[in-house]
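Structure assessment
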Amino acid sequence: MLGPIDYSMWLADFLVEVVCVVCLLKKRAFTRHFTIVLYVCASIAVGVGRYSIMATSGFTSFSYYYFYFYSDALLTICLYFVLMNLYAHVFSEMGVSKLVRGGAMLLLAGTAGISYRMVAMSSDRLVTHFVIELSQNLYFVGVVLTYLLWGAMTKLRENRTHLMQLVLSTGVYFSMFAGSYALDNMYPNTVVWRYIFHLMAMWLPVSWTYTFWKVPEDARMATARVLVPNR
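Now for a quick tour of the structure. These numbers come from a predicted model, not from an experiment. (Residues numbered from 1 in each chain as written. Predicted model: local features only at pLDDT ≥ 70, side-chain atom pairs only at ≥ 80, totals over all residues. Heavy atoms only, no water.)

1. Some remarks on the overall build of the protein
The helix and strand inventory of the protein stands at eight helices and zero strands. Reading the helices (α) and strands (β) of the protein from amino to carboxyl end gives α-α-α-α-α-α-α-α. Counting the 231 residues in the protein, one finds 44% classified as buried. Of the contacts made within the protein by residues no fewer than 6 positions apart, 76% connect residues no fewer than 24 positions apart. For the protein, the exposed area adds up to about 13,300 Å²; of that, 67% sits on carbon and sulfur atoms. (Helix = DSSP H or I, 4+ residues; strand = E, 2+ residues; numbered from the N terminus. Buried < 20%, exposed > 50% of the residue type's maximum accessible area, 1.4 Å probe, protein only. Contact = heavy atoms within 4.5 Å. Areas by Shrake-Rupley, 256 points an atom, 1.4 Å probe, with all protein chains shown as cover.)

Next up, the structure:
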């Protein structure tokens, strides 16, 4: 049974995503960061869909259960493409954007294949189990890829503040959800999780809105240099 806190958090989640889209359009980021716009718009559509199904069928209905996990898989794939677009921005000067996109598709296909193999022994609701497993695996893959990207940015002495903010916020989001999935498997059916999920879901639109609104696209962060003494 949902209470006023649930509906308030649902509304807050919807509003911050709408504000994020308005900010992205106002800053004319549609072309350069199309995947971010796509993800936030998809998240808004999914939120409206979930609320509509919950209002008609109920929070504990099978309709809401299936829609929730299928839509979660869709959002996770969209976020994966956001991360791949950040990879393309970081390595744009090296001219390897096509290789990054090709590698991203291969990794996505590999993750999907592993997820299918992990649930192939289940005879009931195979597709549903596959979708849930794919979402969880993509979150863990996202964590690894984000921190690999951060390591590459450090190695390349990347100092574009705007891009660094986007990568860090995405990495924090992947980390929070990967950790929450692990804890949810250890402590299932805990009511507090749905409040935590709502708070975590608001992290990306809030952090992205701050980045696009406050951090100029051409801002640079001063990087420290290590001085090696002469011998």
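2. Concerning unusual backbone geometry
Positive phi outside glycine occurs at Arg 28, with the angle close to 55°. Along the polypeptide, Arg 28 turns up in the loop between helix H1 (4-26) and helix H2 (34-57). Exposure remark for Arg 28: the relative accessible area of 77% places this residue in the exposed category.

3. Observations concerning the nonpolar core
Residues Tyr 39, Val 40, Leu 149 and Trp 208 are the most contacted members of the largest nonpolar core, which totals 49 residues. Of all elements in the fold, only H1, H2, helix H3 (62-90), helix H4 (97-119), helix H5 (126-155), helix H6 (161-186), helix H7 (192-201) and helix H8 (203-214) reach the threshold of two or more residues within this core. Residue contributions to this core peak at 10 residues, all from H3. (Core = buried A, V, L, I, M, F, W, Y, C linked by side-chain atoms within 4.5 Å.)

4. Considerations on the packing of aromatic side chains
The description of an aromatic ring pair rests on the distance of the ring centres and on the angle between the ring planes. A full pass over the atoms with the stated rule returns 14 aromatic pairs. Where Trp 10 meets Tyr 51, the ring centres are 5.9 Å apart and the plane angle is 80°; that geometry is what we call edge-to-face. Placement of the pair is Trp 10 in helix H1 and Tyr 51 in helix H2, with a sequence separation of 41 residues. Residue Trp 10 is classed as buried on the basis of its relative accessible area of 12%. Overall, the relative accessible area of 40% leaves Tyr 51 in the partly exposed class. When the centroid spacing of 6.1 Å and the interplanar angle of 25° are considered together, the rings of Tyr 87 and Phe 91 count as stacked. Each member of the pair, Tyr 87 together with Phe 91, is buried. (Phe/Tyr/Trp six-rings, centres within 6.5 Å; stacked < 30°, edge-to-face > 60°.)

5. Re the side chain of Thr 209
The topology assignment puts Thr 209 in helix H8. Of note is the side chain of Thr 209, whose polar atom sits 2.5 Å from the backbone oxygen of Pro 205. Excluding residues that lie within four positions of it along the chain, Thr 209 makes contacts with Val 16, Val 19, Cys 20 and Cys 23. (Polar contact = N/O pair within 3.5 Å; in protein donor to acceptor, adjacent residues only side chain to side chain.)

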